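As a plain string of letters, each chain reads:
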Amino acid sequence: VNLTDANEIDLNKNGIIDTWGIDDNNNGIYEFVYHDENEDGFIEVRLIDKNEDSNFEMILIDNNNNGNPDEAKIDSNEDGEFDVIVYDFNEDGKWDKIKNI
């Protein structure tokens with residue numbers, strides 16, 4: 001992920017940039033947000049708001065810091081609440097388990 005044009009954010013206000021927001025069309029709404037949760041240099045969380053309604057439709061989570069998401073939370077009806085969680089145990093890009101939450 002190229003974050004050179006992203007807006008840098010210190011989400012926890014500790015003086016270290018840990019979040020990057022991308023607003024491709026400069027309308028003030030981030031379509032993509034990348035977050036380094038433990039500030040170790042690896043992006044663990046990616047948030048996606050493709051329709052720019054200020055509700056993230058999907059959060060991709062990389063639990064083992066290898067660059068591949070192995071879990072995702074999805075707001076399938078876009079009501080602002082995540083209602084599905086999916087898992088990719090072998091990280092082949094296909095969801096292995098789908099669970100309503």
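Structural data are supplied above this passage.
Residues numbered from 1 in each chain as written. Predicted model: local features only at pLDDT ≥ 70, side-chain atom pairs only at ≥ 80, totals over all residues. Heavy atoms only, no water.

Draft legend 1. How the structure looks around the nonpolar core. Core analysis: the biggest nonpolar cluster contains 6 residues, these being I48, L60, A72, I74, V84 and V86. Among the elements of the structure, strand 6 (71-74) and strand 7 (84-87) are those that each provide at least two residues to this core. Every residue in contact with I74, bar those within four places of it in the chain, is listed here: E57, M58, F82, D83, V84 and V86. (Core = buried A, V, L, I, M, F, W, Y, C linked by side-chain atoms within 4.5 Å. Buried < 20%, exposed > 50% of the residue type's maximum accessible area, 1.4 Å probe, protein only. Helix = DSSP H or I, 4+ residues; strand = E, 2+ residues; numbered from the N terminus. Contact = heavy atoms within 4.5 Å.)

Draft legend 2. Examining the side chain of D36 more closely. Relative to the helices and strands, D36 is located in the loop between strand 3 (32-35) and strand 4 (45-48). No salt bridge is formed by the buried D36; the nearest opposite charge belongs to R46, separated by 11 Å. Within the local environment of D36, its side chain forms a polar contact with the backbone nitrogen of D40, the two atoms lying 3.2 Å apart. The contacts of D36, once residues within four sequence positions are left out, are D18, W20, G41, F42, I43 and E44. (Lys, Arg positive; Asp, Glu negative; His and termini not counted. Salt bridge = Lys/Arg side-chain N within 4 Å of Asp/Glu carboxyl O. Polar contact = N/O pair within 3.5 Å; in protein donor to acceptor, adjacent residues only side chain to side chain.)

Draft legend 3. Layout of the pairing of strand 6. Note that strand 5 (residues 58-61) and strand 6 share 4 bridges and pair antiparallel. Residue pairing in the sheet places I59 in a bridge with K73 of strand 6. Here strand 6 runs beside strand 7; their pairing, made up of 4 bridges, is antiparallel. For A72, the partnering residue across the bridge sits in strand 7 and is V86. (Pairing = 2+ DSSP bridges.)

Draft legend 4. Summary view of unusual backbone geometry. At N26, a position not held by glycine, the phi torsion is positive, near 55 degrees. With respect to the helices and strands, the residue N26 is situated in the loop between strand 2 (19-22) and strand 3. Take N26: its relative accessible area is 67%, and that puts it in the exposed class. Backbone geometry at E52 places phi at a positive 55 degrees, although glycine is not the residue there. Checked against the element boundaries, E52 lands in the loop between strand 4 and strand 5.

Draft legend 5. Expanded view of the packing of aromatic side chains. In total, this model carries 1 aromatic pair according to the counting rule given. When the centroid spacing of 5.6 Å and the interplanar angle of 5 degrees are considered together, the rings of Y87 and F89 count as stacked. Classification of Y87 as buried rests on a relative accessible area of 19%. Of the residues examined, F89 reaches a relative accessible area of 59% and is grouped as exposed. (Phe/Tyr/Trp six-rings, centres within 6.5 Å; stacked < 30°, edge-to-face > 60°.)

Draft legend 6. Summary view of the sheet that holds strand 2. Overall, antiparallel pairing links the 8 strands, which are arranged 1-2-3-4-5-6-7-8 in an open sheet. Of all strands in the sheet, those with a lone pairing partner are strand 1 (7-9) and strand 8 (97-100), marking the two edges. Adjacent strand axes in the sheet meet at a mean angle of 15 degrees, parallel and antiparallel pairs treated alike. Bridge count between strand 2 and strand 3: 4 bridges; the pairing is antiparallel. (Axes fitted to C-alpha atoms, helices over the stretch in contact; angles between N-to-C directions.)

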